[in-house]
Amino acid sequence: MAKESANNAVKRRRAELNLTQQETARRADVSLATWRRFENSADSASALDAFRADNLQGFARALKLSVTALRQLTDAESSPGAEERVEIDQSVIDVVQLFNRSFTGEPLTPADAMALANTVDFSDFAPTRDGKLHLDTSFSYEFAAYLKGEATIRDVDLLRDLPELALTQVNNHWLVRMGERIMRIGSELGKGRVPRPQCLADEYALWIVIQNTDPPQIGDVLDMFPGLRNADAVFGYDPDADEPDDERSIREDWMNRMVGGLLPPDESHNHRRYDLILLEAYGQGVYDPGDPRHPLRWFDRDDLRERCTSELAFVRLPKEEQEAMTTEAFNRMSELLRPGTADNSHY
């Protein structure tokens, strides 16, 4: 529990998150002395200029803010205004109302959706208006460091959980596209929509976000967004809490519910993602770019792939079979459109 007096904006924010100075310093990846110096001097945005950029990223991450929001927070302390505070409070209320209205439990409760959205928002892949990745507006800096050669892909949150068989066959452009599929998840949730996968890349992006999200029962999303409806409020009971004191069991049950509700079943698309899991487990890979499981094909739209496959199968048929199928389809349509048929009675 945070016990220090909350007499400035940073201390108040830390108290809202129920963190001690030691816990916050650890989350920010700085020493306790550095955190205390920051907290005691954070009475204006200009005071932040005394700290390195990576320190500011850490401070923001620990307080679950963007760097821009951190500067606004400290600047508000030097010239506090009731109107600004009301605006910030109202923005939270608006988001809670949107999520409560949009997510009904099938498959996401408002708290589920907010927890997933927060995972994306507080990563290198926070949504942007144009849907493109802009490193200068990222919440953290790990992906930028990777692209500069200053870090490995295993240092980048979310992307590091991609299967090894993908990471060994792709370039930076592919990773940027994958990051943008993660951004799409946050964007869809932020608009009050369930993020439905359109391609294999989306399936992996969803799986990674689910894997890196604390269930609402364990995380702090309900404290950050008061009034957000959780599973108890939606269903009248908590389907993930058969053992309320067992965090591991809660996490496993919640992840299973998320996977079951958001990802297509294993048998869809010829078990492609299941095949890749097995290949990864046995240290094997997919090396034919024509194989729909190959990483270069992960961004192929499923609906377009199925249509192209059907059309290719048709043109490869002998001419006589093509003509027979065309005639059969024409006769079927003529029968449906003929006046007096049952199927046409509504015209």
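Please read all numbers here as calculations on a predicted model, not as lab measurements.

Undergrad: Could you clarify how one ought to interpret empty space enclosed by the protein in this entry?
TA: The gaps of empty space that remain are located by a probe, the size of a water molecule, rolled over the atoms. In total, this model carries one cavity of 30 Å³ or more according to the counting rule given. The volume enclosed by the largest cavity comes to roughly 70 Å³. Surrounding the largest cavity, Glu 203, Pro 264, Pro 265, Asp 266, Ser 268, His 269, His 271, Arg 272, Arg 273 and Tyr 274 form its lining. For the lining of the largest cavity, the leading source of residues is helix α15 (residues 272-281), giving three residues.

Undergrad: Whenever I open this one, the packing of aromatic side chains confuses me. Can you help?
TA: Working definition: an aromatic ring pair is given by the centre-to-centre distance plus the angle between the planes. Under the criterion given, the structure shown has 12 aromatic pairs. For the pair Trp 35 and Phe 38, a centre-to-centre distance of 5.0 Å together with 65° between the ring planes defines the contact as edge-to-face. Of this pair, Trp 35 and Phe 38 are both found in helix α3 (residues 32-41), three residues apart, which corresponds to roughly one turn of the helix. We classify Phe 38 as buried; its relative accessible area is 0%. When the centroid spacing of 6.1 Å and the interplanar angle of 45° are considered together, the rings of Phe 235 and Tyr 237 count as tilted. For Phe 235, a relative accessible area of 28% corresponds to the partly exposed category. Of the aromatic side chains, those joined through ring pairs into one cluster are Trp 35, Phe 38, Phe 51 and Phe 59. Note that Arg 177 overlies the ring of Phe 299, its terminal NZ or CZ placed 4.1 Å from the centroid.

Undergrad: Looking at this model, I keep getting lost on a nonpolar patch on the surface. Mind explaining?
TA: Residues Tyr 274, Leu 278 and Tyr 282 make up a contiguous nonpolar surface patch of about 350 Å² in total accessible area. Note on placement: Leu 278 falls in helix α15. The class of Leu 278 is partly exposed, set by a relative accessible area of 37%.

Undergrad: How should I be thinking about the pattern of salt bridges in this particular structure?
TA: Once their charged atoms are close, side chains differing in charge can pair, the charge on each being opposite to the other. With the rule as written, the count across this model stands at 15 salt bridges. Among the salt bridges present, the one from Glu 164 reaches Arg 154, with a minimum N-O distance of 2.4 Å. With Glu 164 in helix α9 (residues 164-167) and Arg 154 in the loop between α8 (142-147) and α9, this pair connects stretches of sequence that are 10 residues apart. Among the ionic pairs, Arg 273 bridges to Glu 203, the shortest N-O distance being 3.5 Å. With Arg 273 in helix α15 and Glu 203 in helix α11 (residues 200-211), this residue pair connects regions lying 70 residues apart in the sequence. Exposure remark for Arg 273: the relative accessible area of 12% places this residue in the buried category. One network of salt bridges, in which partners are shared, links Asp 112, Asp 240 and Arg 257.

Scoring rules and cut-offs
Residues numbered from 1 in each chain as written. Predicted model: local features only at pLDDT ≥ 70, side-chain atom pairs only at ≥ 80, totals over all residues. Heavy atoms only, no water. 1 Å grid on protein atoms, 1.4 Å probe; cavity = no way out; pocket = protein on both sides within 12 Å on 5 of 7 lines; lining within 4 Å. Points joined across faces, edges and corners; volume = space filled by probe spheres on them. Helix = DSSP H or I, 4+ residues; strand = E, 2+ residues; numbered from the N terminus. Phe/Tyr/Trp six-rings, centres within 6.5 Å; stacked < 30°, edge-to-face > 60°. Buried < 20%, exposed > 50% of the residue type's maximum accessible area, 1.4 Å probe, protein only. Lys NZ or Arg CZ within 6 Å of the ring centre and 35° of its normal. Patch = residues over 30% accessible without salt bridge, like charges linked within 9 Å, V, L, I, M, F, W, Y side chains within 5 Å. Areas by Shrake-Rupley, 256 points an atom, 1.4 Å probe, with all protein chains shown as cover. Salt bridge = Lys/Arg side-chain N within 4 Å of Asp/Glu carboxyl O.

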